[in-house]
Amino acid sequence: RVYERAYPRLKNPCLDDFLLSVLSRAPAHTVRLSMAFAICDMSEVIEVKHLRAALHWVKAFCDSANFIFQGKADEEKAEITNAQADKILAFLREHGEATKTDISAKCFKRNLSKTKIDEALTFLLDQTPPRIKIRDEKHQGQVRKTQYFSVNEEVKND
């Protein structure tokens with residue numbers, strides 16, 4: 001029962017895909033370590049104390065991998081976001097002004113999630129000075145305002 005309760009955490013020890021690939025063998029390592037601890041105790045049966053010791057070792061392993069590789073995962077994510085932001089900036093330079101729907105459909109051919117587009121737009125808006133600007137417009141019959149994104153002309157082109 002102890003292993004059964006711990007298994008979901010072992011199977012999915014983190015949310016990041018890169019780290020998940022590094023840690024994917026955690027359940028198997030837990031069983032192997034439990035066996036090793038049982039053998040060291042000269043026991044023919046894996047007891048709860050052996051499993052708990054193995055779980056502590058695997059947690060330390062997962063924490064270490066997270067510490068070591070998280071910087072790399074963050075760096076790769078930042079590079080991807082930066083590339084997507086550059087693509088949006090080039091699109092806006094060519095088309096002048098666009099909504100998120102336009103950016104999704106015309107710039108990324110609907111192959112990039114709303115979340116990723118939002119991250120790239122936030123990246124462009126958070127720079128000092130912002131690389132893009134937003135204009136809100138409410139059309140007749142609309143409940144919400146439509147946001148139009150364009151290049152901030154006050155920023156030097158690079």
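Structure: see above.
What counts and what doesn't
Residues numbered from 1 in each chain as written. Predicted model: local features only at pLDDT ≥ 70, side-chain atom pairs only at ≥ 80, totals over all residues. Heavy atoms only, no water. Phe/Tyr/Trp six-rings, centres within 6.5 Å; stacked < 30°, edge-to-face > 60°. Lys NZ or Arg CZ within 6 Å of the ring centre and 35° of its normal. Pairing = 2+ DSSP bridges. Helix = DSSP H or I, 4+ residues; strand = E, 2+ residues; numbered from the N terminus. Axes fitted to C-alpha atoms, helices over the stretch in contact; angles between N-to-C directions. Parallel < 35°, antiparallel > 145°, perpendicular 65-115°, else oblique. Contact = heavy atoms within 4.5 Å. Nonpolar A, V, L, I, M, F, W, Y, C, P; charged D, E, K, R; others polar. Patch = residues over 30% accessible without salt bridge, like charges linked within 9 Å, V, L, I, M, F, W, Y side chains within 5 Å. Areas by Shrake-Rupley, 256 points an atom, 1.4 Å probe, with all protein chains shown as cover. Salt bridge = Lys/Arg side-chain N within 4 Å of Asp/Glu carboxyl O. Buried < 20%, exposed > 50% of the residue type's maximum accessible area, 1.4 Å probe, protein only.

Trainee: How would you summarise the packing of aromatic side chains if you had to cite specific residues and measurements?
Mentor: With the rule as written, the count across this model stands at zero aromatic pairs. For R135, the ring lying beneath its charged end belongs to Y148, and the centroid distance is 4.6 Å.

Trainee: If you had to explain the sheet that holds strand β3 (residues 146-151) to someone new, which residues and values would you point to?
Mentor: The strands making up a sheet associate through hydrogen bonds between their backbones, and the pairing can be parallel or antiparallel. Strand order in the open sheet made by the three strands is β1-β3-β2, with antiparallel pairing throughout. The sheet is open, and its two borders are formed by β1 (97-98) and β2 (132-137), each paired with just one other strand. Direction of pairing for β2 relative to β3: antiparallel, over a ladder of six bridges. Bridge assignment links K133 to a residue of β3, and that residue is S150.

Trainee: Outline unusual backbone geometry, supporting the account with residue identities and numerical values.
Mentor: Cis geometry marks the peptide bond from T128 to P129; its omega dihedral reads -10°. Position of P129 among the secondary structure elements: in the loop between α6 (114-126) and β2. Positive phi, close to 60°, is recorded for M42, a residue that is not glycine. Tracing the chain through its elements places M42 in the loop between α3 (26-40) and α4 (48-95).

Trainee: Account for the packing of helix α1 (residues 2-11) against α3, naming residues and giving values.
Mentor: Packing of α1 against α3 leaves a shortest axis separation of 8 Å and a crossing angle of 135°. When the axes of α1 and α3 are compared, the pair comes out oblique. Between α1 and α3, the residues in contact are Y3, Y7, L10 and K11 and A26, P27, T30 and V31, respectively. Tallied by class, the residues present in the contact of α1 with α3 amount to six nonpolar, one polar and one charged.

Trainee: Requested: an account of a nonpolar patch on the surface, with residues and values cited.
Mentor: Among the surface-exposed residues, V31, M35, I39 and I46 lie close enough to one another that they form a single nonpolar patch of about 360 Å² accessible area. Looking at the element boundaries, I46 is found in the loop between α3 and α4. Note on I46: relative accessible area 40%, which makes it partly exposed.

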